[in-house]
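Coordinate analysis (summary)
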Amino acid sequence: MKIYLDNAATTKVYPEVAKKVQELFVDKYGNASSLHSIGTEVRKKIDEARGKIARFIGAEISEIIFTSGGTESNNLALRGLAKANPDKKHIITSVIEHPSILETCKDLEKSGYKIDYIGVNSEGIIDVGEIEKLISENTLVVSIMHVNNEIGTIQPVEKIGKVCKKAEVYFHTDAVQGFKKIDLDIKDINLFSVSGHKIHAPKGIGFLYIKKGTNISAIITGGGQENKLRSGTENVPGIVGLATALDVDNKNNEIKKSRDKIIEGLLKIHGTKINGSMNNRIYHNINVSFYGIEGESLMLMLDKDGICVSTGSACASAKLKESYVLKAIGVEDLYIHGSLRLTLGDDVVGNEDYVINKIKKNVEKLREISPFKFEKIARK
Ligand SMILES: Cc1ncc(COP(=O)(O)O)c(C=O)c1O
């Protein structure tokens, strides 16, 4: 038995999605730009998918630009705005963004952009007032993520959107972790990024929502697909898979109940703390630290017990660096090193006690060999 608790890293493609995707690989495999019958049939599939996504988010069809995923959408948003509006050289973002935003900002810094990376409070939430103060005549865009990939904190993006609208500054949100899980009012949001593989669609597909009237340029040029904003032969199986995944029932309420039960169980282990916000937190995220142990060892032990978890952001885990997000919210080093991220899916329902007991058993084992005295841990 495997219990997969790493749904912020990626999700399984649901059978109904895989079935549709397979059809596009095997039967309807044409290039949407071809004028023959297979090509036109495939073009129709893209149009239907785009229409379905637009209706789902309350957007216009022309406002959906398919990309290869969250990373590309974030790059298109920032670099595309920068290219089209060269007179504005200031960007506001936060210190806890995904690397696809942070590294893009660092790169833009090299070509003369001034970037303000705003901090967060101990729950991982930004101060909207700080953004308001930093906006100037020179500000091109404010980019703040909707839900953090490590600690699951939800940012007040609708409020930020209002502030940006009033100041006539573009607002982009990286909605990769929140899309389809949390409602998003897009009225005051100019651009937002989505990734298919976080919502039970295949990897390598996503989109950028670009509100009508946004001045943005392509960063990938070629055949002029996607309204000339993203050239390249369309990933039709991915596009159709993404639209199909909108129908997948997330089972939010059941998963939230499991999440709360697991948190309650874990907090009974001495020297344990939950990182991030208890109230403004996405329903499937548990970011937990066990004082004085190695998170990597715990993750490997849990893997042997059939439980798949992460020790931080999966995209960064190969680097084995301590989490910059946990640092930003002020978690002490000896807690940071013993941290796990559990992002639950429906296979956790009914298995909560198994998960709690295995974590407890393994934490106790690691503490037996830990150089930190248990009495010290217990007092924490
Ligand atoms: C918040 C956030 N933004 C962007 C990305 C990148 O998305 P993709 O894997 O589709 O490139 C991720 C992936 O982990 C993410 O969590």
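Residues numbered from 1 in each chain as written. Predicted model: local features only at pLDDT ≥ 70, side-chain atom pairs only at ≥ 80, totals over all residues.

1. Quick notes on the domain arrangement of the protein
Domains assigned within the protein are domain 1 (15-245) and domain 2 (250-379). Each of domain 1 and domain 2 was reduced to a C-alpha centroid, and the two centroids are 30 Å apart. Counting residues at the interface gives 22 residues for domain 1 and 21 residues for domain 2. Tallied by class, residues from the side of domain 1 that touches domain 2 come to nine nonpolar, nine polar and four charged. (Domains from an automatic or database assignment. Contact = placed C-beta atoms within 7 Å. Nonpolar A, V, L, I, M, F, W, Y, C, P; charged D, E, K, R; others polar.)

2. With respect to unusual backbone geometry
With a phi close to 55°, Asn227 is a non-glycine residue in the positive phi region. Here Asn227 lies in the loop between strand S8 (206-210) and helix H7 (236-245). (Helix = DSSP H or I, 4+ residues; strand = E, 2+ residues; numbered from the N terminus.)

3. Concerning the site of the ligand
Taken together, 15 residues surround the ligand, and among them Gly69, Gly70, Thr71, Asn149 and Ser195 come closest. Of the residues forming the shell around the ligand, the biggest block, three residues, is contributed by helix H3 (residues 70-84). Among the residues making up the shell around the ligand, the classes are represented as three nonpolar, 11 polar and one charged. (Near = placed C-beta within 6 Å.)

4. Looking at the packing of helix H1 (residues 15-26) against H7
Look at H1 against H7: their axes get within 8 Å of each other, and the N-to-C directions meet at 155°. Looking at the two axes, H1 sits roughly antiparallel to H7. The two elements H1 and H7 meet at a crossing, and its hand is right-handed. In this structure, H1 uses Glu16, Val17, Lys20, Val21, Leu24 and Phe25 to contact H7, whose residues at the interface are Val236, Pro237, Val240, Gly241, Thr244 and Ala245. Per-class residue counts for the contact of H1 with H7 are eight nonpolar, two polar and two charged. (Axes fitted to C-alpha atoms, helices over the stretch in contact; angles between N-to-C directions. Parallel < 35°, antiparallel > 145°, perpendicular 65-115°, else oblique. Left-handed = near helix turned anticlockwise from the far one by under 90°.)

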